[in-house]
Amino acid sequence: MNSDTVMERPLVSVIIPVYNVEDFVKFTLDSTLNQGLAEGQLEVICIDDGSTDNSGRILDDYASRFDFFRVMHQENSGGPGNPRNNGMGISRGKYLFFLDADDELTENALRDLVRTAETEGADVVLGKGEGLNGRVVPGPVFRTTRLDADLIDDNVYRTLSPWKLFRKSLIEHNNIRFLETLSIGEDQPFVASAYLNSRKISVLADRPYARLRARGDGTNVTATPRSVNDYLELAKAIVSVIVAESEPGRVRDGMLGRPMKRTLRPVVGKKFLGLDGTEQQAVVLEISQLMSGYYNDAVAAHLEGLDRLKMDLAVAGRAEPLARIVQWEIENPASFLTVDSEGIRFDLPDDIVDQVGDPRLRDVNVTTEVTLKSFDVCEQVVTITGDASVVGLATHRHDVSLFLQGRKTGAALTFPADRPDAGRAVSGNGNGAFVVSFETIGLADDVWDLRVVQTIGGVRHEKRLGSQRSPSLQGDRGYIYRDGTLRGILYFTKGAGFLACDLGLQIAAHRLPQAQVVGVTLEDPVRARFLVSAPGVTSVAVRADLLGTDASLTGSTPVVQLSDDLYEATVEWKTGHDVRVLIDVSNGVSTAPAASACGLKLPVGSEGRIVSGSSHGAEEFVLRRDIPPESPAGAVRRRIRAARARWSGRWHKSLRISERERKR
């Protein structure tokens, strides 16, 4: 870049606050170098917030090599809010992007984010994030790309971190700044204000645009322990922004759900018990003063179960019953539910029940867990075993059944499960074995999805079967035969891995048998054994042909079944020609060749014979004689052997002549 270009206004300014990140900052800075922007369109502003390691020197090195890097050194401010504000103060870009000094941009991320802002007229553009080193990143907002996203319906409000593209005029016209008085969460009021003042927000979910790192040493600001006061100060800051910049209604109620669930909920948890009685009362009064004017059913709906009950008490200023419930919750982590004649409810002590009333006791978010242990097919009867539970319910006082629903026909069938442990108290979440069987003879040809239904207090709770299963079932299939012909397949769906039953082979891929050659051994130059994995097939056939000759193979090519899914095929011949081996399998419906398993190492024999796939594809194997090039020493040995043979032949010839003459 020349000096005239540098003076032009960049398209985007990347602002990076830096404090003692010498182990990571080079990755961050390098990631800004491949953003697909033209010369003069990017400036990178790094604010060294009083680093005591080599971070500042690293920044100066990059600034000396790249003229679009700008570095400001300052005394430590105690948080990223001040350096971000200072970076904004000297930025010249049309757009701003805030990047932490241990995170990274993906290739061409800024190019695509800016392109979306320009073409869509968006004031804020969110790009999907990707976690590094175990970092958890927001999920719901990035399920799909939304060029005109709704702040509430599209879950935009659920992410208030700053790694987004902001139109600078939006920030300037509304005087939006990071709060420098907060020790944690200073970015959340900033982003909330930007959302509420923006004309349009776009969400890009097609690929990761930023990689966010969790440091192994736990020094991320997000990993720093937070006190009750920290949470309260952050909640006040966010709520004040939301209330000041929104009208009563759907948007305000939705936005308030974020500080309610993420910021205030920890205050009424274990941390609450660490306060004395006077402090507890002061905390609930602060929550009451902050939320009482805005806490309604829509806001409270962001909380579930005991969290909703505890927040009700906090907003009402009732510290004593709140403390009792928190203590009871800690003491009963695995058994906090019970079932009575009216259904399921929290199993709170009677004295607490009298204080909080019955309605909230039954506001239970039931979480069920289902684990598939095994499945088996015998004479068209499918048997499934597993564990079913309700989190927090310590006894099996509910019914379990298997629910089948056809994708094409829409038919629905229910089969009751046997519960050998029903009614018995058990540890943990009340996990208990269930066994259920169903016959496929009378079922229509269709793809049937399998669900486990747990009925608690007259309410059904359905869950797809298979995503949580025993490790031994990772790739298993079950095959259903009728009169020797394959009729159906039990399989795990792609992605979530749910168990489904394809009767009549509705899915085209299921009509073709699957088989792989998983091993080859060469016993001598004229014999090879092929190990074939072929689950669910009815027959395995081997054909071997000599190449380049009309001669036929001698001997047989027997196939031996080693187990239900494993076969061994032997190929034997007595000539020096190359041999082509074809292995076909059948499931009674169709026939297909066996391919080479991924990663199969093909052996080399003692006589230079190898096994290889031919040019016709992996379904064909060739036993080929490859003669290695002769070394100089080998050539000398060969000539000596030939000379010895010639002299030996002459000697034997002279002996034969002498013998004939003697007989005469």
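Treat the numbers as computed from the prediction; the structure is a model and nothing was measured.

A few points about the packing of aromatic side chains
What the rule picks out here adds up to 15 aromatic pairs. For the ring pair Phe66 and Phe69, a centre distance of 5.7 Å and an interplane angle of 45 degrees mean the geometry is tilted. Each member of the aromatic cluster is reached from another via a ring pair, and the members are Tyr62, Phe66, Phe68 and Phe69. One residue, Arg65, lies across the ring of Tyr62, its end atom 4.6 Å from the ring centre. Positioned above the aromatic ring of Tyr209, the side-chain terminus of Arg207 is 4.4 Å from the ring centre.

Details of the layout of surface pockets
A volume near 360 Å³ is recorded for the second largest pocket. Contributing to the lining of the second largest pocket are 14 residues, with Arg477, Gly478, Tyr479, Gly536 and Asp565 lying nearest its centre. Contributing elements (two or more residues each) for the lining of the second largest pocket: strand 13 (368-378) and strand 20 (478-482). Class assignment for the residues of the lining of the second largest pocket results in 6 nonpolar, 3 polar and 5 charged.

Observations regarding the pattern of salt bridges
Enumeration over the complete set of coordinates arrives at 37 salt bridges. Connected through shared salt-bridge partners, Arg111, Asp112, Arg115 and Arg207 make up one network.

So, the environment of Ala122
By the element assignment, Ala122 lies in the loop between helix 5 (109-120) and strand 6 (124-127). Using a relative accessible area of 0% as the deciding quantity, one classes Ala122 as buried. In the structure, Ala122 is positioned 45 residues away from Arg167 in sequence and 7.9 Å away in space, judged by C-alpha atoms. Setting aside residues no more than four positions away along its own chain, Ala122 makes contact with Ala117, Arg167, Lys200 and Ser202.

With respect to the environment of Leu303
With respect to the helices and strands, Leu303 occurs in the loop between helix 12 (297-300) and helix 13 (305-315). The class of Leu303 is buried, set by a relative accessible area of 4%.

As for helix 7 (residues 187-197)
For an α-helix, 3.6 residues make a turn, and residues three or four places apart therefore share a direction. Helix 7 sits mainly inside the fold: 10 of its 11 residues count as buried. Where helix 7 is concerned, the buried positions are Asp187, Gln188, Pro189, Phe190, Val191, Ala192, Ser193, Ala194, Tyr195 and Leu196.

Considering the packing of helix 8 (residues 228-244) against helix 9 (residues 250-264)
Between helix 8 and helix 9, the least distance of the axes is 10 Å, while the angle of their chain directions is 175 degrees. Here helix 8 is positioned roughly antiparallel relative to helix 9, judged by the angle of their axes. Contacts between helix 8 and helix 9 involve Tyr231, Leu232, Leu234, Ala235, Ile238, Val239, Ile242 and Val243 on the former and, on the latter, Arg252, Met255, Leu256, Pro259, Arg262, Thr263 and Leu264. Among the residues forming the contact of helix 8 with helix 9, the class breakdown is 12 nonpolar, 1 polar and 2 charged.

Considerations on the sheet that holds strand 14 (residues 381-390)
Read across the sheet, 3 strands follow the order 13-14-17 without closing on themselves; strand pairing throughout is antiparallel. The open sheet has two edge strands, strand 13 and strand 17 (432-439), and neither has a second partner. Ignoring which end each strand starts from, the neighbouring axes of this sheet average 20 degrees apart. Across 8 bridges, the pairing between strand 14 and strand 17 is antiparallel. The residue of strand 17 that forms the bridge with Gly386 is Phe434.

Quick look at the sheet that holds strand 7 (residues 129-132)
Taken in spatial order, the 3 strands line up as 5-10-7 in an open sheet, and their pairing is mixed. Whereas interior strands pair on both sides, the edge strands pair on one side only; in this sheet they are strand 5 (104-105) and strand 7.

Details of the side chain of Gln280
Looking at where Gln280 falls in the secondary structure, it is placed in helix 11 (residues 277-291). Separated by 3.2 Å, the side chain of Gln280 and the backbone oxygen of Leu275 make a polar contact. The residues contacting Gln280, other than those within four sequence positions of it, are Phe272, Leu273, Leu275, Ala319 and Ala323.

Considering empty space enclosed by the protein
Per the counting criterion, the structure on display carries 1 cavity of 30 Å³ or more. In this structure, the largest cavity occupies an estimated 60 Å³ of space. By residue class, the composition of the lining of the largest cavity is 7 nonpolar, 4 polar and 1 charged.

Describing the pairing of strand 12 (residues 343-346)
Two elements, strand 11 (residues 337-340) and strand 12, share 4 bridges in a ladder whose sense is antiparallel. Residue pairing across strands places Thr338 opposite Arg345, the latter belonging to strand 12.

Points about a positive patch on the surface
Taken together, the side chains of Arg143, Arg158, Lys261 and Arg262 make up a positively charged region of the molecular surface. For Arg143, the location among the structural elements is in the loop between strand 7 and strand 8 (165-167).

Details of the nonpolar core
One finds Ile287 and Met311 to be the most contacted residues of the largest nonpolar core, which totals 118 residues. Counting residues per element, this core draws most heavily on helix 8, which supplies 11 residues. When near neighbours in sequence (up to four residues on either side) are disregarded, Ile287 contacts Leu232, Leu264, Val267, Val268, Ser292, Met311, Ala314 and Val315.

Comments concerning helix 5
With 12 residues, helix 5 extends 16 Å from end C-alpha to end C-alpha; this agrees with the ideal 16 Å at 1.5 Å per step. Along helix 5, the residues that are buried comprise Ala109, Leu110, Asp112, Leu113, Val114, Thr116 and Ala117. Two residues or fewer after helix 5 comes Gly121, characterised by a positive phi angle close to 70 degrees.

Focus: unusual backbone geometry
Despite not being glycine, Asn155 shows a phi value in the positive range, around 65 degrees. Assignment of secondary structure puts Asn155 in the loop between strand 7 and strand 8.

Comments concerning the confidence of the model for the chain
Mean pLDDT over the chain: 85, with 84% of residues reaching 70 or higher. Across residues 1-6, where pLDDT falls below 50, the model places 10 contacts with residues more than four positions away in sequence or in other chains. Every residue in residues 425-430 is under pLDDT 50, and counting partners more than four places away or in other chains gives 18 contacts.

Calculation rules
Residues numbered from 1 in each chain as written. Predicted model: local features only at pLDDT ≥ 70, side-chain atom pairs only at ≥ 80, totals over all residues. Heavy atoms only, no water. Phe/Tyr/Trp six-rings, centres within 6.5 Å; stacked < 30°, edge-to-face > 60°. Lys NZ or Arg CZ within 6 Å of the ring centre and 35° of its normal. 1 Å grid on protein atoms, 1.4 Å probe; cavity = no way out; pocket = protein on both sides within 12 Å on 5 of 7 lines; lining within 4 Å. Points joined across faces, edges and corners; volume = space filled by probe spheres on them. Helix = DSSP H or I, 4+ residues; strand = E, 2+ residues; numbered from the N terminus. Nonpolar A, V, L, I, M, F, W, Y, C, P; charged D, E, K, R; others polar. Salt bridge = Lys/Arg side-chain N within 4 Å of Asp/Glu carboxyl O. Buried < 20%, exposed > 50% of the residue type's maximum accessible area, 1.4 Å probe, protein only. Contact = heavy atoms within 4.5 Å. Axes fitted to C-alpha atoms, helices over the stretch in contact; angles between N-to-C directions. Parallel < 35°, antiparallel > 145°, perpendicular 65-115°, else oblique. Pairing = 2+ DSSP bridges. Polar contact = N/O pair within 3.5 Å; in protein donor to acceptor, adjacent residues only side chain to side chain. Patch = residues over 30% accessible without salt bridge, like charges linked within 9 Å, V, L, I, M, F, W, Y side chains within 5 Å. Areas by Shrake-Rupley, 256 points an atom, 1.4 Å probe, with all protein chains shown as cover. Lys, Arg positive; Asp, Glu negative; His and termini not counted. Charge placed at Lys NZ, Arg CZ, Asp CG, Glu CD. Core = buried A, V, L, I, M, F, W, Y, C linked by side-chain atoms within 4.5 Å. Expected span 1.5 Å × (residues − 1). pLDDT = per-residue confidence, 0-100.

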